[in-house]
Amino acid sequence: MVVASAKPVKGPVVELPTVDLSCDRTEVGKVIVKACEEYGFFKVINHGVSQDIVDELEEESLNFFSKPVQDKQRAGPANPFGYGFKNIGFNGDIGEVEYLLLNTNITSIFKLSKSISTDPSKFSYAVTVYIEAVKKLACEILELVAEGLRVPDTSVFSRLIRDVNSDSIFRLNHYPPSTSAPLNKIGFGEHSDPQILTILRANDVGGLQIYNDDVGWVPVRPDPNAFFVNVGDVLQAITNGRFVSVRHRALTNSAKSRVSMAYFGAPSLQARISVLPEMLTPHNPCRYRPFTWAEYKKACYSLRLGAGRLDHFRMGREDAE
């Protein structure tokens, strides 16, 4: 069944729209579009990604994060790829998180694996197989989006991340349990994802929150059997603001550690991002000027987490300060 949930209401958790990818394709596309418009977040089930692929990577992740600090630091600093701890941004942004940031290029993954694992072949294989699986899922979702929007070229979004020079990245996050007050610390601060689409998988420990204008920060119920999907800034720009790149954050848990695995689908650095003609109407004229992913990425690095990055590319702005 494809479920289109109502808008979030004040309460302990938020139930995101759940999309069953085994259902009728036309209906699935419509529900995904609605979820992207109303939430910017949804989750997918019957996604076709083997549980064995997920389990193997989660095991490799836990093996790494359980190592002594000095051993983990051999894989860092994350400049831009490698191991990082607490430093999560380029402007002094900090949080209670340790992470591995990886390029999705196979050669790059294997090279860094030598400083991550005593069995680099096993680690790099687990990461590579997982990335290929979620990349395929991301492309399927983006093609369903195009169909739901009735865009004639249904590969208009997916080919951006299929590009051999795609700037997609992959991140493994570990949020250790809080051991001192305040118990629920900021694990990863408020932000939107700058790329096209994010495919997120986490264990059964809560911590993810999304921002709703009506009620503020609302927790998202964890679901270790589903993938969470959120709209990135680039997809918001291409759809002329029809889709929402929603703000989100992660808190630590007082008793358990949280592990998440995030694939950020991005275009090539040279890719030109512009509003699709199909998204323009007399009542909704073009909101964003064209830009390259390299330009937008540079602008993101100059701003703190939570900053309104797309505002710097609105029509009428001549630069991305």
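What you see is a predicted model, and the numbers here were worked out from it, not measured in a lab.

Enquirer: Give me the packing of aromatic side chains: which residues, what numbers.
Expert: Taken as a whole and assessed by the stated rule, the structure comprises nine aromatic pairs. Among the aromatic residues, ring-to-ring pairing joins Phe291, Trp293, Tyr296 and Phe313 into one connected group. Taking the ring centre of Tyr99 as reference, the NZ or CZ of Arg171 above it sits at 3.8 Å. We note Arg201 situated over the ring of Phe227; from NZ or CZ to the ring centre the distance is 4.7 Å.

Enquirer: Tell me what's going on with the sheet that holds strand β9 (residues 216-219), and back it up with residues and numbers.
Expert: Across the sheet, which stays open at both edges, the four strands sit in the order β6-β11-β8-β9 with antiparallel pairing between neighbours. In this open sheet, the two edge strands, each paired with only one partner strand, are β6 (186-191) and β9. If you compare each strand with its neighbour and ignore which way they point, the axes differ by 25° on average. Both strand β8 (residues 208-212) and strand β11 (residues 248-251) contribute to a ladder of three bridges, which runs antiparallel. Note on β11: the bridge partner recorded for Leu208 is Ala250.

Enquirer: With reference to specific residues and values, describe the layout of surface pockets.
Expert: The computed volume of the largest pocket comes to approximately 1100 Å³. Contributing to the lining of the largest pocket are 48 residues, with Ile88, Phe90, Leu101, Arg171 and Phe188 lying nearest its centre. Going through the elements one at a time, β3 (82-87), β4 (94-103), β5 (169-175), β6, β7 (197-202), β11, β12 (258-265) and α8 (293-301) are the ones with two or more residues in the lining of the largest pocket. Of the residues that constitute the lining of the largest pocket, the class distribution is 25 nonpolar, 14 polar and nine charged.

Enquirer: Tell me about empty space enclosed by the protein, and name the residues and values.
Expert: Inspection of the entire model under this criterion finds one cavity of 30 Å³ or more. Roughly 90 Å³ of volume is contained in the largest cavity. Along the wall of the largest cavity there are 14 residues; nearest its centre are Ala202, Leu208, Pro222, Phe228 and Arg258.

Enquirer: An account of the pattern of salt bridges is requested, with residue identities and associated values reported.
Expert: For the structure shown, the criterion picks out 14 salt bridges. With a closest N to O distance of 3.6 Å, Glu96 and Lys86 form a salt bridge. You can see Glu96 sitting in strand β4 and its partner Lys86 sitting in strand β3, a full ten residues away along the chain. Judged by relative accessible area, which is 25%, Glu96 ranks as partly exposed. Given a relative accessible area of 31%, Lys86 falls into the partly exposed group.

Enquirer: Give a description of unusual backbone geometry that names residues and reports values.
Expert: Residues Gly76 and Pro77 are joined by a peptide bond in cis, for which omega reads 0°. Looking at where Pro77 falls in the secondary structure, it is placed in the loop between α3 (69-72) and β3. Cis geometry marks the peptide bond from Asn79 to Pro80; its omega dihedral reads -5°. As for its placement among the helices and strands, Pro80 is situated in the loop between α3 and β3. Backbone geometry at Asn46 places phi at a positive 50°, although glycine is not the residue there. Owing to a relative accessible area of 48%, Asn46 belongs among the partly exposed residues under this scheme.

Scoring rules and cut-offs
- Throughout this description, residue numbers start from 1 for each chain and increase along the sequence as written.
- Only residues with pLDDT of at least 70 are given local features in this predicted model, and only at 80 or more are side-chain atom pairs given and counted; all residues enter the totals for whole chains, interfaces and linings.
- With hydrogens and water excluded, all non-hydrogen atoms of the structure serve as input to the side-chain values.
- Centres within 6.5 Å make a pair out of two Phe, Tyr or Trp rings, where for Trp the six-membered ring is used; the pair is then stacked when the planes are under 30 degrees apart, edge-to-face when over 60, and tilted otherwise.
- Criterion for a charge above a ring: Arg CZ or Lys NZ at most 6 Å from the ring centre, at most 35 degrees from the ring normal.
- The criterion for strand pairing is that DSSP finds at least two bridges linking the strands in question.
- Note on conventions: DSSP H or I runs of at least 4 residues are helices, E runs of at least 2 residues are strands, and numbering of each starts at the N terminus.
- Note on geometry: axes are C-alpha line fits, over the in-contact stretch for helices, and angles between N-to-C directions span 0 to 180 degrees.
- Think of a 1 Å grid over just the protein atoms. A cavity is a set of points where a 1.4 Å probe fits yet cannot get out, a pocket is an open set with protein on both sides within 12 Å along at least five of seven lines, and lining residues have an atom within 4 Å of a point.
- Grid points are joined across faces, edges and corners, and a volume is the space filled by probe spheres set on the points.
- Gly is placed with the polar residues, together with every amino acid not listed as nonpolar (Ala, Val, Leu, Ile, Met, Phe, Trp, Tyr, Cys and Pro) or charged (Asp, Glu, Lys and Arg).
- Any Lys or Arg side-chain nitrogen found within 4 Å of a carboxyl oxygen on Asp or Glu counts as a salt bridge.
- Residue exposure (1.4 Å probe, protein chains only): buried if accessible area is under 20% of the type maximum, exposed if over 50%, otherwise partly exposed.

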